[in-house]
Amino acid sequence: MPSHDPHVALPQVPNRLPPAAAARYELFLRIAASLNAQPNFLHSSTEFCLAVEREAAREELKPRIVSIWVYMWLRAGRNPTAVVEKFCAPKVSGGKTQRTGQRRGRPFALNHADDLPPSYEVAPAIRKAYESFVCKQGMSLSDAYHEMLHAQFGIQLASDAKNNRQTLNPHLLAKFRAPSQGQFEYQCALLRKAARQSNTSAEPPRGARGKATDGIFGPGYFEIDATFFQIQLVSSVSPLLLIGRPTVYLICDIYSGAIVGYAMTLENPSWALAAYALYNCFSDKQATFDRLSLPYSSEDWPAHHLPSFLRADRAELASNQGQRFPFSSITVGLTPSMTPEAKGSVEGKHSELKRKKPSRFDLPGRFEKIRQRRSSDGKKDAALNPHTFERLLVEIILDINREPVDPHRLPIDALAEGPSVASRIGFWSWSLKNCPGYTRKMGENFAYEHLLHACTGRMTPNGLVVRGELFTCDRLQANDVRAAAANGSLKFRAAYHPMNASEVYFYESGENRWHRAYNTNHEILQSHATFAEARAFRLQQIEFTSTARFIAQEKRTEVRIKQEAEIREASEKVREFGGRRAADRSNIRQNRYRELALERQQAHYNYASTLEDKSPPSTPMATSPQANDSRPPSNTLVVSADEVLSIWRTLDEDQQN
C-alpha cells in the first residue's frame with residue numbers, strides 16, 4: 001500500500017524567507033522556467049546533463065549545485081519551494097545544535113542520516129514484511145526488502161537510458177519514508193534473535209568460520225558432487241507410470257559461485273555419470289539449449305572451460321575408473337569421508353537447487369528428504385517426465401546464476417560493467433577476462449583420452465572387437481585396414497563409455513584422429529544398452545544355448561532307449577523265421593514292386609480319407625489281402641499287389657527290349 005506523499009503540504013509560494021534564501025528562490029525560478037521550455041531534457045541522461053550545464057553557465061553556478069536543485073524540484077512534483085524547503089519548516093525548540101564542525105563517523109552510501117525515517121516509524125512495516133516474505137515464503141533478506149519496497153511502498157526501479165540499466169533511486173526512500181536496507185536487515189536480525197530466544201530447542205550458535213573463497217584468486221577452482229533430487233518423475237511413454245527420483249550432478253565455481261556444469265539421469269551416481277557432467281562443464285552450452293529447445297544462447301551461460309583444481313568427495317574420482325582423469329593436468333582434491341562442509345560451495349548449490357522457492361517454480365511430485373508423518377511422498381502429484389524436468393532444471397540453474405554475489409567481493413574495476421557484473425554468471429564472465437590464468441579450453445581429443453574408458457581393440461576381417469562386442473564403420477571397411485587385419489594382429493587404441501554399448505571410438509595414429517564405430521548387433525544398437533547389459537545379454541544367450549543342448553541330449557538318451565528296444569525286437573523276429581535270404585537281384589526287385597504297390601495303396605487311401613474328412617483306420621494295413629478285414633470306400637479302385645507286380649514287370653521288359 002503506497003504511503004502519503006510528504007511533499008503534498010509544501011506551499012507553492014514560500015513566505016518570510018531570509019534574504020539569501022529569497023535570492024536562491026528567485027534564481028531557481030528562472031532556471032525552472034527555462035527547463036520547462038525544454039520538455040525533452042528528461043528524455044535521456046545526456047540531454048539532462050547538457051541542460052544543467054547550460055543553465056549553470058548562464059547563471060554562473062556549478063553544475064553540481066544546479067543538478068541538486070533540479071532533483072529536489074522534480075522530487076517535489078516541480079514545486080520550486082523544495083529548493084528552500086528547510087527555510088520554510090517551523091523551528092522546533094530542542095537541544096543545542098552543533099554550529100561548527102562536521103558529523104563524525106562513516107557517511108552513509110545511499111542516503112544521509114537525516115533522510116532516514118526513525119525506527120519506530122518503519123518497524124511495523126518491517127515486521128509485516130519479515131513475517132510475510134521471510135518467515136512464510138522463505139525469501140532471503142535482500143529479496144524480502146525489495147519485495148517490501150514494491151508491495152508496501154510502491155517504489156519501482158528507475159531506468160537509466162544512457163547505460164541501459166535499472167537502478168534504485170535513493171531519493172525515493174526519503175520521499176516515501178521507506179527504510180533503508182541496513183535498517184531492514186537490522187530490524188530483521190532483532191526479530192530473528194527474539195524468535196531464537198523464545199525457542200529453547202533451537203541449535204546452539206556456531207563459532208565464526210572461514211569462507212570457501214579464502215585463498216581463491218580467480219575462476220578455475222571447481223567442486224563437483226551428486227545428489228538425489230527429491231521429486232517423483234513419470235515415464236515418457238505414459239504419465240501413469242512412475243519411474244522414481246533422478247540423480248543430479250552439479251559443478252560450481254568457488255570464486256564466482258556460478259554453476260558451470262550439470263548432468264541429470266536416472267542412473268545411480270558413478271564415474272560414467274560424473275564424466276557426463278564434466279563434459280557438459282567443459283563444452284559449449286548451446287548444444288544443451290538446442291537439445292532441450294530452450295530460448296537461450298551461449299552468452300546466457302558462458303561456461304565451457306577446464307579448471308585448474310577440482311574438489312570432490314572420495315567416490316567417483318577415487319575409483320579405478322577415474323584414475324585417468326588426473327593425467328589431464330587438472331589437480332584433483334579429495335575431501336575426507338563424511339565431511340560435506342569440506343566442499344560447501346557445491347553442497348550449498350544443491351540445497352539452493354532443491355529448496356522450494358515460491359518465486360521460482362512449484363514442481364509437482366516433490367517431497368521432503370526427511371519425511372514427516374502423513375507428509376506427501378510425491379507419487380500422487382507426479383506429472384513431469386525426465387525431458388520436462390531437465391528443461392526446468394536448466395531454468396532453475398540459470399535463475400541461480402542470476403543471483404547476486406556478496407557486494408564486498410566486487411572489485412573496483414568491475415563496477416564499470418554495471419549491475420550485470422553483480423550476478424554470479426556476470427561476475428564469472430568478468431573474472432574470466434580480468435583474472436585469467438586459472439582456466440583453459442578443452443582440446444579436440446580431451447574427452448576421448450580423459451573422460452572415456454581406455455582399452456585396446458583387436459581388428460578382425462569382420463570389424464573391431466572391444467569387450468566382446470563387434471563394431472564396424474566405413475573406415476574399418478577400407479581395403480588397407482582389411483588387408484592389415486587379415487592375420488589378426490592389428491590393434492587400435494579404443495575408448496568407450498560404459499553406459500553406451502552401441503558405439504566405441506578408436507584412434508588412428510596416422511591421421512591423429514578418433515573415429516566412431518557402431519555395434520553390428522542391431523538389437524543393442526537400437527536399445528542403446530550398456531556394456532554391462534550387453535554382457536548380461538551374451539551370458540543369457542550362452543546359458544539358454546547350453547540349456548537347450550542339455551535338454552536335447554536328455555531327450556536323445558530317452559529316445560535311444562526306445563529305439564534300441566525296437567531294433568532288438570525286429571532282429572528277434574528275423575531270427576525266428578530262420579533260413580537264408582535270397583540274394584538274387586530279380587527276387588529283390590520283385591519284393592520291392594510288391595512293397596511299392598502296398599505303399600501306394602495305403603497312400604491313396606489316406607489321401608482320399610483326408611479329402612472326405614474321414615479319420616484313418618485304427619489298425620495298419622495288412623501285408624496281404626487275406627489279413628486285411630477293412631474295405632476301402634466304394635469309389636476307390638482296388639488293385640492287388642500281384643496285378644501291380646505284373647504291370648511293372650511288363651514295363652521293365654519293354655524297356656529292356
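Residues numbered from 1 in each chain as written. Predicted model: local features only at pLDDT ≥ 70, side-chain atom pairs only at ≥ 80, totals over all residues. Heavy atoms only, no water.

Q: Is there a simple way to explain the sheet that holds strand 8 (residues 309-312) in this structure?
A: Adjacent strands of a sheet form backbone hydrogen bonds with each other and so pair up, either parallel or antiparallel. Across the sheet, which stays open at both edges, the 5 strands sit in the order 7-6-3-8-9 with mixed pairing between neighbours. Single-partner strands in this sheet number two, and they are strand 7 (259-265) and strand 9 (331-334). Going from strand to strand, the sheet's axes swing by 20 degrees on average, the running direction of each strand aside. Sheet analysis places strand 6 (residues 247-253) next to strand 7, joined by 6 bridges and oriented antiparallel. From the neighbouring strand, V248 faces strand 7, where its bridge partner is M264. Across the sheet, helix 9 (residues 271-282) is in contact with strand 3 (221-228), strand 6, strand 7 and strand 8; its angle to strand 7 comes to roughly 140 degrees. The strands that helix 12 (residues 386-401) touches are strand 6 and strand 7; relative to strand 7, the one it contacts most, it runs at about 165 degrees. (Pairing = 2+ DSSP bridges. Helix = DSSP H or I, 4+ residues; strand = E, 2+ residues; numbered from the N terminus. Axes fitted to C-alpha atoms, helices over the stretch in contact; angles between N-to-C directions. Contact = heavy atoms within 4.5 Å.)

Q: What am I meant to see in the packing of helix 5 (residues 119-136) against helix 6 (residues 141-151) here?
A: In helix packing, the relevant descriptors are the interaxial angle and the interaxial distance, both defined with respect to the helix axes. The N-to-C vectors of helix 5 and helix 6 enclose an angle of 120 degrees; their axes lie 10 Å apart at closest approach. Between helix 5 and helix 6, the angle is such that the two are oblique. Two packed elements cross with a definite hand, and for helix 5 against helix 6 that hand is right-handed. Side by side, helix 5 and helix 6 meet where A125, I126, A129, F133 and V134 of the first sit next to L141, A144, E147, M148 and A151 of the second. Residue classes in the contact of helix 5 with helix 6 are distributed as 9 nonpolar, no polar and 1 charged. (Parallel < 35°, antiparallel > 145°, perpendicular 65-115°, else oblique. Left-handed = near helix turned anticlockwise from the far one by under 90°. Nonpolar A, V, L, I, M, F, W, Y, C, P; charged D, E, K, R; others polar.)

Q: I would appreciate a short explanation of the pairing of strand 11 (residues 463-466) in the present structure.
A: Within a regular strand, the side chains alternate between the two sheet faces. Bridge count for strand 10 (residues 453-460) against strand 11 is 3 bridges, and the pairing is antiparallel. Looking at the pairing, R458 lines up with V465 of strand 11. The hairpin formed by strand 10 and strand 11 contains 2 residues between the paired strands. Sheet topology places strand 11 next to strand 12 (residues 469-472); 3 bridges connect them, and they run antiparallel. In the strand pairing of strand 12, V466 is matched with E469. Hairpin remark: strand 11 followed by strand 12, antiparallel, with 2 residues in the connecting loop; positive phi at R467, about 55 degrees.

Q: Even after reading the chapter, I still don't get the packing of aromatic side chains, so can you show me in this structure?
A: The geometry of an aromatic ring pair is captured by two quantities: the separation of the ring centres and the angle between the planes. Considering all chains together, one arrives at 22 aromatic pairs under this definition. Between Y145 and F184, the aromatic rings sit 5.6 Å apart at their centres with planes inclined by 50 degrees, giving tilted as the arrangement. Within this pair, whereas Y145 is found in helix 6, its partner F184 is found in helix 8 (residues 181-198), the two being separated by 39 residues in sequence. The class for F184 is buried, based on a relative accessible area of 0%. Centroid distance F289 to Y296: 5.7 Å. Interplanar angle 50 degrees. Geometry classified as tilted. Using a relative accessible area of 0% as the deciding quantity, one classes F289 as buried. Y296 gets classed as partly exposed once you look at its relative accessible area, which sits at 21%. The ring centre of Y255 lies 4.9 Å from the NZ or CZ of R409, which sits over that ring. Sitting over the ring of Y507, R493 keeps its end group 4.9 Å from the ring centre. (Phe/Tyr/Trp six-rings, centres within 6.5 Å; stacked < 30°, edge-to-face > 60°. Buried < 20%, exposed > 50% of the residue type's maximum accessible area, 1.4 Å probe, protein only. Lys NZ or Arg CZ within 6 Å of the ring centre and 35° of its normal.)

Q: What's the story with the side chain of Q187 in this structure? I'm lost.
A: With respect to the helices and strands, the residue Q187 is situated in helix 8. Excluding anything up to four places from it in sequence, Q187 contacts S119 and I126.

Q: Would you explain the sheet that holds strand 14 (residues 500-508) in this entry?
A: Spatially, 10-11-12-15-14-13 is the arrangement adopted by the 6 strands of the closed barrel, whose pairing is antiparallel. Taking the axes of each pair of neighbouring strands and ignoring which way they run, one obtains an average angle of 40 degrees across the sheet. Looking at chain direction, strand 12 and strand 15 (residues 513-519) are connected through 2 bridges and run antiparallel. Along strand 15, the bridge assignment pairs T472 with Y518.

Q: How should I be thinking about the environment of A275 in this particular structure?
A: Of note, A275 is situated in helix 9. Linking A275 and A447, residues 172 residues apart in sequence, is a C-alpha distance of 8.8 Å.

Q: Could you clarify how one ought to interpret the pairing of strand 6 in this entry?
A: Of all 7 residues in strand 6, 7 are buried; the element is thus mostly enclosed. A two-sided burial pattern is seen for strand 6, the buried positions comprising T247, Y249, I251 and D253 on one face and V248, L250 and C252 on the other. Joining the antiparallel neighbours strand 6 and strand 7 is a turn of 5 residues, in which G257 adopts a positive phi near 80 degrees.

Q: Help me understand the nonpolar core, please; the structure alone is not making it clear to me.
A: Across soluble globular proteins, nonpolar side chains have a tendency to be buried as a group. Ranked by size, the top nonpolar core spans 53 residues in total, and within it I224, Y262, L278, W301, F325, L353 and F389 carry the most contacts. In this structure, L353 is in contact with F229, V248, L250, L393, I396, I397 and I400, ignoring residues within four places of it in sequence. I126, F133, L149 and C188 belong to the second largest nonpolar core, which has 20 residues in total. (Core = buried A, V, L, I, M, F, W, Y, C linked by side-chain atoms within 4.5 Å.)

Q: Can you help me understand the confidence of the model for the protein chain in this one?
A: Low pLDDT means the predicted coordinates in that region are not meant to be read closely. Per-residue pLDDT for the protein chain has a mean of 82; in total, 81% of the residues score no lower than 70. Strand 6 holds the highest mean pLDDT among the elements of the protein chain, 96, whereas strand 2 (residues 165-167) holds the lowest, 58. Within the model, the stretch residues 91-95 combines pLDDT values under 50 with 0 contacts to residues more than four positions away or in other chains. Considering only residues more than four positions removed or in separate chains, one finds that residues 618-630, a stretch of pLDDT under 50, has 5 contacts. (pLDDT = per-residue confidence, 0-100.)

Q: Would you mind showing me how to read the packing of helix 1 (residues 19-36) against helix 2 (residues 45-59) here?
A: Closest axis-to-axis distance for the helix 1/helix 2 pair is 11 Å, and the angle between their directions is 140 degrees. Of the possible angle classes, the one that applies to helix 1 and helix 2 is oblique. The interaxial crossing formed by helix 1 with helix 2 has right-handed handedness. Within the contact between the two elements, helix 1 uses L27, R30, I31, S34 and L35 and helix 2 uses A51, E55, R58 and E59. Across the contact of helix 1 with helix 2, the residue classes break down as 4 nonpolar, 1 polar and 4 charged.

Q: Please clarify how the pattern of salt bridges should be interpreted in this entry.
A: When the charged atoms of two side chains with opposite charge come close together, those side chains can pair. On inspection of all chains with the given rule, the structure shows 16 salt bridges. Between R58 and E55 there is a salt bridge whose closest N-O contact spans 2.3 Å. Pair noted here: R58 and E55 are both in helix 2, with a separation of 3 residues, about one helical turn. Residue R58 is classed as partly exposed on the basis of its relative accessible area, which comes to 44%. A relative accessible area of 3% places E55 in the buried class. One network of salt bridges, in which partners are shared, links R30, E55, R58 and E59. (Salt bridge = Lys/Arg side-chain N within 4 Å of Asp/Glu carboxyl O.)

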